[in-house]
Amino acid sequence: MRTPNNESLSPTIERTRPGGKSPERKCILTGRHGERAALIRLAISPEGHVLPDPRARAPGRGALLGVSRAELEKAMEKGRLKGALARAFKSFPPQVPDDLPEQIDGGLLRTLTDRLGLEMRGGNLILGSERIAEHARGGVLAALYHASDASEGGSGKLDQAWRVGMDREGSGEGGTRLPLDRAALSVALGRDNVVHLALSDHAAAERVDQALQRLLHYRNASEDVSEGEEAT
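Residues numbered from 1 in each chain as written. Predicted model: local features only at pLDDT ≥ 70, side-chain atom pairs only at ≥ 80, totals over all residues. Heavy atoms only, no water.

**Considering the overall build of the chain**
Secondary structure summary: the chain contains seven helices and nine strands in total. Summing over all exposed atoms, the chain offers an accessible surface of approximately 11600 Å²; the carbon and sulfur share of this is 47%. (Helix = DSSP H or I, 4+ residues; strand = E, 2+ residues; numbered from the N terminus. Areas by Shrake-Rupley, 256 points an atom, 1.4 Å probe, with all protein chains shown as cover.)

**Re unusual backbone geometry**
Apart from glycine, the bulk of residues carry a negative phi angle, and the bulk of peptide bonds sit in the trans form. In the Ramachandran plot, D167 falls in the positive-phi region, its phi being about 60 degrees despite a non-glycine side chain. Checked against the element boundaries, D167 lands in the loop between α5 (152-165) and β8 (176-177).

**Let's talk about the sheet that holds strand β3 (residues 40-44)**
With respect to topology, three strands assemble into an open sheet ordered β4-β3-β5, the strand pairing being antiparallel. In this open sheet, the two strands that pair with only one neighbour each are β4 (50-52) and β5 (62-65). The sheet shows a mean angle of 35 degrees between the axes of neighbouring strands, taken without regard to direction. Taken together, the four bridges between β3 and β5 define a ladder with antiparallel strand orientation. Across the sheet, residue I40 finds its bridge partner in β5, namely L65. (Pairing = 2+ DSSP bridges. Axes fitted to C-alpha atoms, helices over the stretch in contact; angles between N-to-C directions.)

**Focus on a positive patch on the surface**
Residues K74, K78, R80 and R87 make up a contiguous surface patch of positive charge. Here K78 is to be found in the loop between α1 (69-77) and α2 (80-89). (Patch = residues over 30% accessible without salt bridge, like charges linked within 9 Å, V, L, I, M, F, W, Y side chains within 5 Å. Salt bridge = Lys/Arg side-chain N within 4 Å of Asp/Glu carboxyl O. Lys, Arg positive; Asp, Glu negative; His and termini not counted. Charge placed at Lys NZ, Arg CZ, Asp CG, Glu CD.)

**Focus on the nonpolar core**
The biggest cluster of nonpolar side chains holds 46 residues, and the ones touching the most others in it are I28, L29, L65, L81, L85, I104 and L197. The greatest single-element share of this core, amounting to eight residues, is contributed by helix α7 (residues 202-219). Those residues in contact with L29 that sit more than four places away from it in its chain are L65, V67, L72, A75, R80, L81 and A84. Counting 10 residues, the second-largest nonpolar core is a separate cluster that includes I132, A133, L144 and W162. (Core = buried A, V, L, I, M, F, W, Y, C linked by side-chain atoms within 4.5 Å. Buried < 20%, exposed > 50% of the residue type's maximum accessible area, 1.4 Å probe, protein only. Contact = heavy atoms within 4.5 Å.)

What follows is the structure, encoded as structure tokens:
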């Protein structure tokens, strides 16, 4: 667990996921292995165009990436991506758009906002500082999130309420700052001035965290892949 001021995992990550981890797959660029759910899938159109497929729903073969945006841009500059894709798709080098890194970032961000919207419509999100604080002090929160532009004071009060409810006072632990400001959160959830949000449902918290960590890893890759099915 990290401190609440970092772009960290929320408290739910300390729990073991139901059913264990997802099967590991290999990044086509680095050869490192990681959980399939944490990797980014690329698909290829019938015309040979490479497209990001963050939800892994496109038909046909796919290739998986486990690198950061900076690593991807470097691989594209050196021509390494086309060769890796050709091997993964077992075809001639596909057509890679120059803005593929930006397309992937946008796709991962939409996946996160769409997930939040789905949890909202499913009645799983808790909004409003007073309601969140009440649930936090009761020790029933599975995850606590703050907008990127949330004040330190407001976030700190909710973090403290969470620590009290979880009997972790003095730990410095708390909620996660999302890579979304209050305006973006408000649009995603269809509500005015969303600054803080929480989840009491553990399965919902796992779903949100999965989308969040894929985006954060892409923007600043961490060491959660191990050295080592290039296509899937």
